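Each chain, written out:
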Amino acid sequence: MGTMALAKALQNDKAVKHLILTQNQITHFAAAGLSDLLKVNHEIGWLVLSTNKLADAGISTIGQGIKYNKGLKHVVADNNEISDMGAISIAESLEGHPN
């Protein structure tokens with residue numbers, strides 16, 4: 001619930017350049033809020049999601065937002081229970097990305 005509220009609050013915030021959400025127990029349920037955030041807020045250049053519980057479903061959902069976000073330069077999502085399928089999903093969302 002906290003991650004979803006934060007993502008909604010940041011949708012129109014143009015000051016945030018780095019979003020670091022390390023060790024917050026974020027699961028695939030909150031990934032939809034982060035995906036929506038990335039679709040509309042292109043000021044975020046760094047997204048750090050290390051040591052959460054996103055798994056393949058969560059990283060795939062976030063990847064949908066990354067497709068629309070041309071300002072994002074760095075994504076860190078280590079230690080998130082992501083398999084090869086999740087890695088492929090995020091890689092596919094970065095195809096054609098300018099950064």
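See the structure printed just above.
Quantities reported herein were computed from a predicted structural model and do not represent experimental measurements.

**Q** Quick one: what's the story with the overall build of the protein, residue by residue and with numbers?
**A** Assigned secondary structure in the protein consists of four helices and three strands. Scanning the protein from its N terminus toward the C terminus, one meets helices and strands in the order α-β-α-β-α-β-α. Its C-alpha radius of gyration of 12 Å places the protein within 12% of the 13 Å reference for a compact globule of 99 residues. Counting all 99 residues of the protein, 38% fall into the buried class. Counting contacts in the protein only where the partners sit at least 6 residues apart, residues at least 24 apart contribute 86% of the total. In the form shown here, the protein has an accessible surface area of approximately 5,500 Å², with 56% of it arising from carbon and sulfur atoms.

**Q** Quick one: what's the story with the sheet that holds strand β1 (residues 18-20), residue by residue and with numbers?
**A** Read across the open sheet, the three strands follow the order β1-β2-β3; overall the sheet is parallel. Only two strands of the sheet have a single partner each, and these edge strands are β1 and β3 (74-76). Pairwise comparison of adjacent strand axes, ignoring direction, gives a mean angle of 0 degrees for this sheet. Summarising the sheet, strand β2 (residues 46-48) and β3 pair through three bridges and their orientation is parallel. Within β3, the residue paired with Trp46 across the bridge is His74.

**Q** Give me unusual backbone geometry: which residues, what numbers.
**A** Positive phi, close to 60 degrees, is recorded for Asn79, a residue that is not glycine. Relative to the helices and strands, Asn79 is located in the loop between β3 and α4 (84-93). Within the chain, Glu81 stands out as a residue other than glycine whose phi angle is a positive 60 degrees. In this structure, Glu81 sits in the loop between β3 and α4. Residue Glu81 is classed as exposed on the basis of its relative accessible area, which comes to 58%.

Rules and cut-offs
- Residues numbered from 1 in each chain as written.
- Predicted model: local features only at pLDDT ≥ 70, side-chain atom pairs only at ≥ 80, totals over all residues.
- Heavy atoms only, no water.
- Helix = DSSP H or I, 4+ residues; strand = E, 2+ residues; numbered from the N terminus.
- Rg over C-alpha atoms; globule rule 2.2 N^0.38 Å.
- Buried < 20%, exposed > 50% of the residue type's maximum accessible area, 1.4 Å probe, protein only.
- Contact = heavy atoms within 4.5 Å.
- Areas by Shrake-Rupley, 256 points an atom, 1.4 Å probe, with all protein chains shown as cover.
- Pairing = 2+ DSSP bridges.
- Axes fitted to C-alpha atoms, helices over the stretch in contact; angles between N-to-C directions.

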